[in-house]
Structures are given as structure tokens and as C-alpha cells.
Amino acid sequence: MPTGPVIFLTHTAAESGAELALTRMVTGLHRDGADVAVLATQEGPILDRLRAEGVRAEHVCTDFDSSRVVIGGSLLRLAAGVRSMIATGLTIGATARSADASAIVAESTKALLMGTVASRRARIPLIWHMHDRVTNEFFGPMLALVIRTLGAVVARAYIANSAATAETLWTRGKPVAIVYPGIRLPDPVDRLQRRPADVRICMVGRLTDWKGQDTLLEALARSRHRPHVTFVGGTHFGEESYADALAETAARLGVADRVEFTGHIDDPLPLLADADIAVHCSRVTEPFGQVIVEAMASNCAVIAADAGGPREIITSGKDGVLVDCTGDGAARRLADVLDDVIDDVDLRSRLAAAGVARSADFSIQRTCADATRVLPLHRRVGTRDVGAGV
Ligand code: GLC
């Protein structure tokens, strides 16, 4: 039986939701004394964050360029990408073997492919940590089928970031643990809700079509009120054109003077702490939605899309309000909810207070405790390297 680290494998080291969730979980496990390491096929800020915490985080040098393997890309490029993912998987397998790793955890679908090769080579279990729902809507029918089947064949167990994510799996009776991502709970934010005319709204999320920032812009144009809105978030995976289009949409709808785009910010909590309302309005079912919990912990009244993860976090009318953000009527429905919530200062205060209480259920300690039940973790001895040659 191997007694070395559990190796978490990720194809990107960008500060996107799944990678931030991974960083928090692995850092928490490391602090608890567990032997963990992260391998990424790319250098990036996530690795820096992990290293700063003393976690072994290494970059596997290969010619694998993840940005070339994209949903809807050409078949030829896909084939070349798959070939290099297999080569990378072999390298990782050798590394895992020399480190006496006890398991590989694939953090994405690309990592699942590389992890399959790596875990077979090292003869250790592969666990699939799912941050995305494997649906036709998200991946397209062909790819969804391939990924689901691959997962069913190669994964020994699964970690899903919500029940909504788990339900998209084909598990063939293998263990599935629902491990909600934990956040670093901020110090209590003490502030009063502003009067309706002065309300400030914050929306945190990557600027990409499925997150639906445009729905909020349209809802603003329809609202009776004139709140100020701060959009926090950058573009990560070639989504600049959507970001440009958002600025144009704001101008066209005549709301540009009330909205602000900050770009990516390492720590969005101070901006949330200054907002009265936080909005989440993904048009595609959100797998979990860490920004919702961060907003609740920051004492915001939260409005979120009524699907997937948000439904597991929020009890609508109690600690937030859920609204259907799909289809043609999305902006109108969001505008109606916004107007009701902006109008009623007491309602906002009640939702925010209940949100703070609920957010305490999503501590990083709880995430680590849940993850520990499925991961074959060993205690760390000394400071061994993950292995040479990476
Ligand atoms: C992905 C999902 C997001 C979730 C995060 C953490 O980025 O899209 O909903 O919060 O992973 O697991």
C-alpha cells in the first residue's frame, strides 16, 4: 500500500472558481497535517497561492496547451490535444509512482483524461473531483456522453461539489461524496442596509456568457430604481469578447453611468461588504456557486438563480431569494425581484442576517472533514518532494 501524498491534478492554474475551491480545500488539508500535493499542467497564480501556504505545488512541464482543447474546437486540434494529454499523463504517472502517491484526484475533465493514464501507470486509484455538471447544455451531447462514460469506467470514487453536480454522473454504484466547497468566512460585517435610493449591488463572477451578467444589465434598465452595480470578475478562458459586449450593452441600455467593472480582484470580500444586495444570475445551472456563500457571509441580501447549487444553499424568502434566470423572461423576473427587495429595507436586513447564519455551514473545516472521508490521506512526514523530473 502506498503511503505518500494524495496528488490533486489540475489542467489550469488560473484563479477560476474550481481552482479556488481546490486551493482552499488542499490548504485546509495541509494545515491539518495531511500529505497532499498539487500538480498543474500550467504555471499560474493558483500554484503561487498554494506555495505561499507551504503546500507542494508543481508544474508538470509538457507541450500540453489546455487552451487548444476547447469545447466546440476542431477535431484535428482535439486529437492533437488528446495525444499530448496522454503523454502528460504518463509523465505524471511516473512522478506519482516515485512519490509513492496513494491516489490521484482529477480536478477537471481534462485532468480526468490525464489522470486516467497517470493512475494506471502508477497503479493507484483515481478519484474524480467534479466542479462542473456533466450535461448536454454545458458540454454538448457528444462530449457529455464521452466524459460521463470515461468517468464511469475509470474513477474509483467521486467527489461532487453539490447534489446537483452528483446527479449528472453515471456512477455504477461507486461511492459519491458531496463535498460543498468551503470559504474563508470573513470577520463579521456590521452595517445597515441603505435606503432604496442609495442601494449598491455587487455581482461577483467570471465575465462569461453563462454567468449572465447581461441579464442583470437588462434588469437594471427595467427596474424602477437606479442602484449602483459593481461587477467583480475577469475573463480567463478567452472570453474577452463577452466582456467587451457587456460594456456596449450597458451603454445601449442607458445604464453605463451606474455600472462599474473592476476586472479580476484577488479578494472580493471588501466589495461585497460594501454592497447591500448581491446578485447571481447564471443562465446555465450553477454547479455550486461559492460567490453566493461569500455574499451571505458578507451580510448582503442575496438574489440567486433558482437552479442547482444555489437551491442547496438558499431557502428562498428566508436567507436569500431565488429567481428563475432562464429563458426570455429572465431579466423581467429579476427586475421584479430586485424592485421588491430594494423597496423593503426590513426584508433586506432579515435576508442578510439569515444569510450570515447560513454561511457558517460552509466553513473550510467542514469541507476538509467531508473530503477526508473519501480521500486515502496519510499524515505528512518531513518535507519530501513530490518527485524529481517535474
Ligand atoms: C466550478 C463551478 C462553481 C463552483 C466551483 C467550486 O467553478 O462552476 O459553481 O462553485 O466550481 O467547486
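The structure reproduced in this document is the subject of the present report.

Calculation notes
Residues numbered from 1 in each chain as written. Predicted model: local features only at pLDDT ≥ 70, side-chain atom pairs only at ≥ 80, totals over all residues. Heavy atoms only, no water. Near = heavy atom within 4 Å. Polar contact = N/O pair within 3.5 Å; in protein donor to acceptor, adjacent residues only side chain to side chain. Areas by Shrake-Rupley, 256 points an atom, 1.4 Å probe, with all protein chains shown as cover. Pairing = 2+ DSSP bridges. Helix = DSSP H or I, 4+ residues; strand = E, 2+ residues; numbered from the N terminus. Axes fitted to C-alpha atoms, helices over the stretch in contact; angles between N-to-C directions. Phe/Tyr/Trp six-rings, centres within 6.5 Å; stacked < 30°, edge-to-face > 60°. Salt bridge = Lys/Arg side-chain N within 4 Å of Asp/Glu carboxyl O. Buried < 20%, exposed > 50% of the residue type's maximum accessible area, 1.4 Å probe, protein only. Parallel < 35°, antiparallel > 145°, perpendicular 65-115°, else oblique. Contact = heavy atoms within 4.5 Å. Nonpolar A, V, L, I, M, F, W, Y, C, P; charged D, E, K, R; others polar. Right-handed = clockwise from strand over helix to strand, strands pointing away.

1. Observations concerning the site of the ligand
Part 1 of the reasoning: Near the ligand you find 13 residues, and of these His131, Asn161, Glu286, Phe288 and Gly289 are the closest.
Part 2 of the reasoning: In the model, an oxygen atom of the ligand is placed 3.1 Å from a nitrogen or oxygen of the Ala18 main chain.
Part 3 of the reasoning: At a separation of 3.0 Å, an oxygen atom of the ligand approaches a polar backbone atom of Phe288.
Part 4 of the reasoning: The protein chains hide 94% of the 310 Å² of surface that the ligand would expose on its own.

2. Describing the sheet that holds strand 11 (residues 277–279)
Hydrogen bonds along the backbone pair up the strands of a sheet, which may run parallel or antiparallel.
Part 1 of the reasoning: Strand order in the open sheet formed by six strands is 10-9-8-11-12-13, and the pairing between neighbours is parallel. With partners counted over all chains shown, the strands left at the sheet margins are strand 10 (259–263) and strand 13 (321–323), one partner each. On average, each strand axis in the sheet is inclined to that of its neighbour by 20 degrees, with strand direction left out of account.
Part 2 of the reasoning: Where strand 11 meets strand 12 (residues 301–305), three bridges bridge the pair, whose relative direction is parallel. Directly across from Ile277, in strand 12, lies its bridge partner Ala301.

3. Focus: the sheet that holds strand 1 (residues 6–10)
Part 1 of the reasoning: An order of 3-2-1-4-5-6-7 is seen for the seven strands of this open sheet, with the pairing classed as parallel. Each of the sheet's edge strands pairs with one partner strand only, and the pair in question is strand 3 (56–59) and strand 7 (176–178). Between one strand axis and the next, the sheet turns through 20 degrees on average, direction left out of account.
Part 2 of the reasoning: The sheet contact formed by strand 1 and strand 2 (residues 36–40) spans five bridges and is parallel.

4. Focus on the packing of aromatic side chains
Part 1 of the reasoning: Throughout the structure, instances matching the rule amount to seven aromatic pairs.
Part 2 of the reasoning: The interplanar angle of 75 degrees and the centroid separation of 5.1 Å between the aromatic rings of Phe138 and Phe139 together place this pair among those described as edge-to-face.
Part 3 of the reasoning: Between Phe231 and Phe261 the ring centres are 4.9 Å apart and the planes differ by 15 degrees, which places this aromatic pair in the stacked class. Of this pair, Phe231 sits in strand 9 (residues 228–232) while Phe261 sits in strand 10; the two residues are 30 residues apart in sequence, bridging distant segments of the chain.
Part 4 of the reasoning: Among the aromatic residues, ring-to-ring pairing joins Phe138, Phe139 and Trp210 into one connected group.

5. Some thoughts on the pattern of salt bridges
Pairing is possible between side chains of opposite charge, provided their charged atoms come close.
Part 1 of the reasoning: Under the defined criterion, the tally for this structure stands at 23 salt bridges.
Part 2 of the reasoning: The closest approach of N and O atoms between Arg224 and Asp339, which form a salt bridge, is 3.8 Å. In this pair, Arg224 is assigned in the loop between helix 8 (213–222) and strand 9 and Asp339 in helix 13 (residues 330–343), connecting sequence segments 115 residues apart.
Part 3 of the reasoning: Assessed through its relative accessible area of 58%, Arg224 is described here as exposed.
Part 4 of the reasoning: One continuous salt-bridge network, built from bridges that share partners, spans Arg194, Arg200, Asp274 and Asp276.

6. A look at the packing of helix 8 against helix 9 (residues 240–252)
Part 1 of the reasoning: Interaxial distance between helix 8 and helix 9 falls to 10 Å at its minimum, and their mutual angle equals 5 degrees. Relative to helix 9, the element helix 8 is oriented roughly parallel. Side by side, helix 8 and helix 9 meet where Gln213, Asp214 and Leu217 of the first sit next to Tyr242, Leu246, Thr249 and Ala250 of the second.
Part 2 of the reasoning: In the contact of helix 8 with helix 9, the residues fall into four nonpolar, two polar and one charged.

7. A look at the pairing of strand 5 (residues 126–130)
Part 1 of the reasoning: Most of strand 5 is tucked away: five of the five residues are buried.
Part 2 of the reasoning: What you see with strand 5 is no split at all: Leu126, Trp128 and Met130 on one side and Ile127 and His129 on the other are buried throughout.
Part 3 of the reasoning: As paired strands, strand 4 (residues 103–106) and strand 5 are joined by three bridges and run parallel to one another. Paired with Ala106 across the strands is Trp128, a residue of strand 5.
Part 4 of the reasoning: Once you follow strand 4 into helix 4 (residues 109–122) and on to strand 5, the crossover reads as right-handed.
Part 5 of the reasoning: With four bridges connecting them, strand 5 and strand 6 (residues 157–160) associate as parallel partners. Within the sheet, the bridge partner assigned to His129 lies in strand 6 and is Ile159.

8. Digging into the packing of helix 1 (residues 17–31) against helix 15 (residues 364–372)
Part 1 of the reasoning: Look at helix 1 against helix 15: their axes get within 9 Å of each other, and the N-to-C directions meet at 80 degrees. Between helix 1 and helix 15, the crossing angle belongs to the class labelled roughly perpendicular. Every residue of helix 15 that contacts helix 1 at Arg24, Met25, Gly28 and Leu29 is listed here: Ile364, Thr367, Cys368, Ala371 and Thr372.

9. Let's talk about the environment of Thr12
Part 1 of the reasoning: Tracing the backbone shows Thr12 in the loop between strand 1 and helix 1.
Part 2 of the reasoning: Linking Thr12 and Glu43, residues 31 residues apart in sequence, is a C-alpha distance of 7.9 Å.
Part 3 of the reasoning: From its side chain, Thr12 meets the backbone nitrogen of Ala14 in a polar contact 3.0 Å long.
Part 4 of the reasoning: At 3.3 Å, the side chain of Thr12 forms a polar contact with the side chain of Gln42.

Without other data, these values stay purely geometric and don't point to any function.
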